[in-house]
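Here's the letter readout for the chains.
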Amino acid sequence: MRLLHTSDWHLGRAFHRVGMLGAQAEFIGHLVATVREHAVDAVVVSGDVYDRAVPPLAAVELFDDALHRLADLGVPTVMISGNHDSARRLGVGAGLIGRAGIHLRTAPSASGTPVMLSDRHGDVAFYGLPYLEPALVKDEFGVEKAGHETVLAAAMDRVRADLAARLRGTRSVVLAHAFVTGGTPSDSERDITVGGVAAVPAGVFDGVDYVALGHLHGCQTLTERVRYSGSPLPYSFSEADHRKSMWLVDLAADGGVTAERIDCPVPRALARIRGPLEELLADPGLEPHREAWVEATLTDPARPADPMARLTERFPHTLSLVFEPERAPGDPAVSYAHRLAGRDDQQIAEDFVAHVRGAGPDERERAVLRDAIDAVRADEAVREVAR
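Sequence positions are assigned chain by chain, starting from 1 and proceeding in written order. Per-residue local features of the predicted model are confined to residues with pLDDT of at least 70, and side-chain atom pairs are confined, for both listing and counting, to 80 or more; whole-chain, interface and lining totals are unaffected and use all residues. Calculated side-chain values reflect all of the structure's heavy atoms, with hydrogen atoms and water omitted.

- Looking at an unreviewed UniProt entry, one finds the protein chain named Nuclease SbcCD subunit D, with Streptomyces chlorus as its source organism.
- UniProt positions are given in the numbering used here, feature names are shortened, and annotations may be inferred rather than shown by experiment. Under the heading Sequence similarities (unreviewed entry), UniProt records this for the protein chain: "Belongs to the SbcD family."
- According to its UniProt record, the protein chain has this under Function (unreviewed entry): "SbcCD cleaves DNA hairpin structures. These structures can inhibit DNA replication and are intermediates in certain DNA recombination reactions. The complex acts as a 3'->5' double strand exonuclease that can open hairpins. It also has a 5' single-strand endonuclease activity."

Structure follows, in structure tokens:
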């Protein structure tokens, strides 16, 4: 069976205030053409269909168009909700849409109930594990501690139990939306850290033939059977070096996996340039970036006059301007934002405690901070679902 694995469409998202709806529509057209050209048997979409719980109307219309075009192909599609989606909204009408061959899996309770497809070699069970917010699903899975690894492990126990009850030789595909150990994140993914931990080990998915992951925006191979497709379009300058693509996966009769990357159309190249303003304006080596979307980091010791206006004369698609004067690490003039770069909420809170009272929190106090941060995240998730 030939699968096309994609994820993280983020319909409705902009790139530094540049609307991406046209590029997203072009991607949908490319997806449909790829299904036709490569004789794809099933499409899997591993979450974050939309960019937010209540997407703009234009994004909903594009999704509706995508559903119609996929249904017209007569090729089954399996989709799950991601952490950016409202699972309940995305799942409205799932039963009816399923009659057209578009299978939306958004309910955690259905994790062990597969979409069954078949080819000349027999059945293939597709298990859709939507994004599992630990604090919201721990009771559903009967786990005491709300953590990504515990709830995913419980969901996979249901998958393996269902698979064990099926005919010997039934092949299996799992769709999941999670941060799996070994994956490389970018700046455009929403933080899903719980209890100071975001990643789950790939071993959680043992026992199935292929795991189609979503959440991380870079295309990655964790094992031959566990892969991220990445987002089809860039959504941050940290993705400047990404090759945007989908996985074309062949699932053999014995469950063996071979995979090939299919490139996606990208509207414009991304470039990150760095240095003093005058050097950036004069350096002939930067000429290939003239038509790219540019993030310029200026290292001048003092902020130069009219930097954006001057940069856009040479690089008309400059979208982001960052000031990072080159100073010694201990220099008090180093910006607060620069000092916080790469630090998570837990680390920032602990540093604040240390700054205020002269000593960092002990283990009990760290646990209180973790619980408070997790409670806020869970409350935000509940509010987003209820909107």
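Anyway, onward from the coordinates.
### Observations concerning the overall build of the protein chain
1) Next: When its secondary structure is counted, the protein chain shows 11 helices and 19 strands.
2) Next: Radius of gyration here uses only the C-alpha atoms, and the compact-globule reference equals 2.2 Å multiplied by the residue count raised to the power 0.38. The C-alpha radius of gyration of the protein chain comes to 23 Å, within 12% of the 21 Å expected for a compact globule of 387 residues.
3) Next: Taken along its principal axes, the extent of the C-alpha atoms in the protein chain is 70 × 55 × 40 Å.
4) Next: Relative accessible area decides the class of each residue, using a 1.4 Å probe on protein chains only: under 20% of the type maximum gives buried, over 50% gives exposed, and in between gives partly exposed. Per-residue burial for the protein chain yields a buried fraction of 47% across its 387 residues.
5) Next: Any two residues whose heavy atoms approach within 4.5 Å at even a single point are treated as in contact. Sequence-distant contacts, at least 24 apart, represent 68% of the contacts inside the protein chain between residues at least 6 apart.
6) Next: Accessible area for the protein chain stands at about 18000 Å²; split by element, carbon and sulfur atoms hold 52% of it.
7) Next: For the protein chain, the distance from the average position of its 41 positive side-chain charges to the average position of its 56 negative side-chain charges is 2 Å. Every helix listed is a DSSP run of H or I at least four residues long, and every strand listed is a run of E at least two residues long, numbered separately from the N terminus. In short, Shrake-Rupley with a 1.4 Å probe defines the accessible areas, and a residue's cover is counted only from the protein chains shown. Positive charges come from Lys and Arg alone, negative charges from Asp and Glu alone, with His and the N- and C-terminal ends not counted. Taken as the charge location is NZ of Lys, CZ of Arg, CG of Asp or CD of Glu.

### As for empty space enclosed by the protein
1) Next: Of the two site types, the cavity is a set of points on a 1 Å grid over the protein atoms alone where a 1.4 Å probe fits but cannot get out, and the pocket is an open set with protein on both sides within 12 Å along at least five of seven lines, each lined by residues with an atom within 4 Å of a point. Grid points are joined across faces, edges and corners, and a volume is the space filled by probe spheres set on the points. With the rule as written, the count across this model stands at two cavities of 30 Å³ or more.
2) Next: What lines the second largest cavity is L129, P130, Y131, L132, H148, V151, L152, A176, H177 and A178.
3) Next: Mapped onto the lining of the second largest cavity, the elements with two or more residues apiece are α6 (148-164) and β9 (171-177).
4) Next: Per element, the largest residue contribution to the lining of the second largest cavity is three residues, and it comes from α6.
5) Next: Of the residues in the lining of the second largest cavity, the class split is eight nonpolar, two polar and no charged. Ten residues, namely Ala, Val, Leu, Ile, Met, Phe, Trp, Tyr, Cys and Pro, are considered nonpolar, four, namely Asp, Glu, Lys and Arg, are considered charged, and the remaining ones, Gly among them, are considered polar.

### Digging into the state of the cysteines
1) Next: Criterion for a disulfide: a pair of cysteine sulfur atoms within 2.5 Å. Within the structure shown, the criterion is met by zero disulfides.
2) Next: Cysteine C219 remains unbridged, with the sulfur of C264 as its closest cysteine sulfur at 9.1 Å.
3) Next: Overall, the relative accessible area of 18% leaves C219 in the buried class.
4) Next: By relative accessible area, C264 is classed as buried at 8%.

### Let's talk about unusual backbone geometry
1) Next: At H10, a position not held by glycine, the phi torsion is positive, near 55°.
2) Next: Given the relative accessible area of 0%, H10 is considered buried.
3) Next: Unlike most non-glycine residues, A39 shows phi in positive territory, near 50°.
4) Next: Secondary-structure assignment places A39 in the loop between α1 (21-37) and β4 (42-46).
5) Next: According to the relative accessible area criterion, A39 is exposed, its value standing at 53%.

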